[in-house]
Amino acid sequence: MDLSSLSVGEIHKLLIQKEISAQELLGEYLEIIKKENPKINAFLEIFEEEGIKQAQEVDKKIEKGDKISILEGIPVAIKDNILLANKRCTAGSKILENYIAPYDATVVKKLKEKGAIIIGKTNLDEFAIGSSGEFSAYGVTRNPKNLEYVPGGSSSGSAAAVAADMVPIALGSDTGGSIRQPASFCGIIGFKPTYGSVSRFGLVAMSSSLDQIGPLGKNVEDIKIVYEVIRGKDEMDSTTVSFSQKPVKERLEEIKIGIPKEYFTKGIDQRVKEIIKDRIKDFELSGASIEEVSLPHTDYALATYYIIMTAEVSSNLARYDGIKYGKSLAESDKITNLLDVYFETRKEFLGEEVKRRIMLGTYCLSVGYYEAYYLQAQKVRTLIKKDFEKAFKKVDILLTPTSPTPPFKLGERLENPLTMYMADVLTVSANLAGLPAISLPAGEIDKLPVGLQLIGPAFSENFLLSVAQLAQKIWT
Ligand code: GLN
């Protein structure tokens, strides 16, 4: 059976109508994983035995005529910075090579309660730091659309696993674009919810005021199903809130789409612009009204992000010191004093990019520089948030490209970190403002995918996803 085009809802139907068993279903996915993963390196670990046992249980339930939830028996992949009890959680870093998670992240607990089969942990840039999938200590992940190209990052494994049909859905995390940008590069959908709508309990922290967990999949319905399960206030994460949703729209005629002019200026590949403009025309022809808007502080977004994010990274990653967590050189003969335990352990087990971020962040937080960098960046962050609030008084939703370029070649941006940072220029603002944003496939350049981003007001996910669904209808 060709699973590649089936949605979770369709698979669910096949299961309850007994046209396929949960064991057969899992078997098909495992076969694809075994064939594709050696080339792509999307998965770091597969839980085949547990998966099969779980699928057997689902089949028994169906046999007995018990009701099953829509996610029951559906294989899901989890980014390896999300804790799964009693399994390794490396966060893509050598320093956590032997770390076994003592509990389930809230999102995992919720998926398990619905009977989803957590089939494996996916590769990522170390500590979710990166835009290409090349910064993992466990090897690069390749783009399933063309193995010479990067899949984007940092949720590289989750995006590649979905794009290569190894799983129908996966979870990633997004601090500055890490769900949307790899979704764009791999030709799938990636959704970053509003900050505070999904619990971060059990997510290895990168930058706590920006991080958010979200789903990756092939159609908006699947994204919605997963989001509905994982969202909600959690007493284990005090930044989560309960909220009521903005009403959904059923017709594009009722929707006003804003096009921020600053997202179509310098640095955006001309071919990307053309594709996005074509999609804007599609919206217009389908009845949506289109209006140009301005987000005047957009130019400062990347700099602001790289100050706040590195500051929080330096503080969050201070716990990997060779004493509290993870691997340590404390017992090594080379070490003669406490300070060297810290220095040598971090030198040995943390990657170059992670060290660069820690140093930048520590610098931004230092006495004498704090006011000039961190404090100033927090003020600009507020201005960026206000830009969006103002725009959403005029329009319902914003439309931009997801990434300024199509996927780039493996190795192409490794020499110059700034070119790598540019990959996030269109995604970081949604994190700084805490807004929900989704990347949808919009077209191709030389057979490489290009994504389109929709950004909604805070806690408007129902509405945002309904617009994404309408867009999907135009394009399929
Ligand atoms: N690529 C961005 C960075 O390197 C975003 C990472 C993320 O969203 N986790 O910081």
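Only a predicted model underlies this, so the values are computations on that prediction, with no experimental measurement involved.

Draft legend 1. The arrangement of unusual backbone geometry in detail. Each neighbour pair has its own omega, and for G153 with S154 the value is 10 degrees, a cis peptide bond. Looking at where S154 falls in the secondary structure, it is placed in the loop between β3 (117-122) and α5 (156-163). Of note in the backbone geometry, D446 takes a positive phi value of approximately 45 degrees without being a glycine. Counting through the fold element by element, D446 comes out in the loop between β10 (437-445) and β11 (448-455). Looking at D446, the relative accessible area reads 65%, which means it is exposed.

Draft legend 2. Structural view of the site of the ligand. The local shell around the ligand holds 16 residues, among which A128, T175, G176, S178 and Y305 are the closest. In the model, a nitrogen atom of the ligand is placed 2.8 Å from a nitrogen or oxygen of the G130 main chain. At a separation of 2.8 Å, an oxygen atom of the ligand approaches a polar side-chain atom of R357. Tallying contributions element by element places helix α9 (residues 301-316) first for the shell around the ligand, with 3 residues. Here the shell around the ligand is built from residues that sort into 6 nonpolar, 7 polar and 3 charged.

Draft legend 3. Spatial organisation of the sheet that holds strand β6 (residues 212-217). Taken in spatial order, the 11 strands make up an open sheet running β1-β3-β2-β4-β6-β5-β10-β11-β9-β7-β8, and their pairing is mixed. What marks the edges here is a single partner per strand, and that holds for β1 (43-46) and β8 (289-293). With direction set aside, neighbouring strand axes in the sheet form an average angle of 30 degrees. In terms of strand pairing, strand β4 (residues 169-174) meets β6 through 6 bridges, oriented antiparallel. Each residue of the ladder has a partner; that of L171, found in β6, is P215. Those strands touched by helix α4 (residues 106-113) are β2 (75-79), β3, β4 and β6, and its axis lies near 175 degrees from that of β2. Of the strands in this sheet, β7 (256-260), β8, β9 (397-401) and β11 are in contact with helix α12 (residues 371-394), which crosses β9 at around 115 degrees.

Draft legend 4. Geometry of the pairing of β2. With 5 of its 5 residues buried, β2 lies for the most part within the structure. Along β2, one buried face is formed by P75, A77 and K79 and the opposite face, lined by V76 and I78, is buried too. Taken together, the 5 bridges between β2 and β3 define a ladder with parallel strand orientation. When the sheet's bridge partners are listed, V76 is paired in β3 with I118.

Draft legend 5. Structural view of α4. Buried residues of α4: T106, V107, V108, K110 and L111, and no others. Note on α4: the residue one or two positions beyond its end, G115, has a positive phi of about 85 degrees.

Draft legend 6. Local environment of the packing of aromatic side chains. One pass over the structure, following the stated rule, counts 15 aromatic pairs. Consider the rings of F243 and F459, whose centres lie 4.5 Å apart with planes at 40 degrees: the pair is tilted. In this pair, F243 sits in the loop between α7 (220-230) and β7 while F459 sits in the loop between β11 and α15 (461-475), placing the two residues 216 residues apart along the sequence. Looking at F459, the relative accessible area reads 21%, which means it is partly exposed. Each residue in the set Y99, F127, Y320 and Y325 is aromatic and connected to the rest through ring pairs, giving one cluster. The side chain of R413 reaches across the aromatic face of F408, ending 4.1 Å from its centre.

Draft legend 7. Region of the structure containing α12. Taking 1.5 Å of rise per residue, the 24 residues of α12 would be expected to cover 34 Å, and the 34 Å separating its terminal C-alpha atoms lies within 8% of that figure. Among the residues making up α12, those that are buried are Y374, A377, V380, R381, I384, D387, F388, A391 and F392. Against α9, α11 (352-365), β9, α14 (428-433) and β11 lie the buried residues of α12.

Draft legend 8. Just the nonpolar core, in detail. Residues L111, F127, F388 and L454 are the most contacted members of the largest nonpolar core, which totals 151 residues. Broken down by element, this core gets its largest block of residues, 8 residues, from α9. The contacts of L454, once residues within four sequence positions are left out, are I397, L398, L399, P436, A437, I438, L440, L464, V467 and A468.

Draft legend 9. Just the pairing of β6, in detail. Counting buried positions over the 6 residues of β6 gives 6, a clear majority of the element. The pairing of strand β5 (residues 189-192) with β6 spans 2 bridges and is classified as antiparallel. Each bridged residue has a counterpart across the sheet, and for G190 the counterpart in β6 is L216.

Draft legend 10. Inspection of the packing of α4 against α7 at higher detail. Relative to each other, α4 and α7 sit at 110 degrees, their axes nearing to 8 Å. When the axes of α4 and α7 are compared, the pair comes out roughly perpendicular. The way α4 lies across α7 gives a crossing that is right-handed. Across the interface between the two elements, V107, K110 and L111 of α4 pack against V226, V229 and I230 of α7. The class makeup of the residues in the contact of α4 with α7 is 5 nonpolar, no polar and 1 charged.

Draft legend 11. Examining the packing of α9 against α12 more closely. Contact geometry for α9 and α12: axes closest at 9 Å, N-to-C directions at 130 degrees. With respect to α12, the axis of α9 lies oblique. α9 and α12 meet at a crossing whose hand is left-handed. Contact residues: A301, T304, I307, I308, A311 and E312 in α9; Y373, Y374, A377, Q378, V380, R381 and I384 in α12. Of the residues belonging to the contact of α9 with α12, the class tally is 9 nonpolar, 2 polar and 2 charged.

The rules behind each value
Residues numbered from 1 in each chain as written. Predicted model: local features only at pLDDT ≥ 70, side-chain atom pairs only at ≥ 80, totals over all residues. Heavy atoms only, no water. Helix = DSSP H or I, 4+ residues; strand = E, 2+ residues; numbered from the N terminus. Buried < 20%, exposed > 50% of the residue type's maximum accessible area, 1.4 Å probe, protein only. Near = heavy atom within 4 Å. Polar contact = N/O pair within 3.5 Å; in protein donor to acceptor, adjacent residues only side chain to side chain. Nonpolar A, V, L, I, M, F, W, Y, C, P; charged D, E, K, R; others polar. Pairing = 2+ DSSP bridges. Axes fitted to C-alpha atoms, helices over the stretch in contact; angles between N-to-C directions. Contact = heavy atoms within 4.5 Å. Phe/Tyr/Trp six-rings, centres within 6.5 Å; stacked < 30°, edge-to-face > 60°. Lys NZ or Arg CZ within 6 Å of the ring centre and 35° of its normal. Expected span 1.5 Å × (residues − 1). Core = buried A, V, L, I, M, F, W, Y, C linked by side-chain atoms within 4.5 Å. Parallel < 35°, antiparallel > 145°, perpendicular 65-115°, else oblique. Left-handed = near helix turned anticlockwise from the far one by under 90°.

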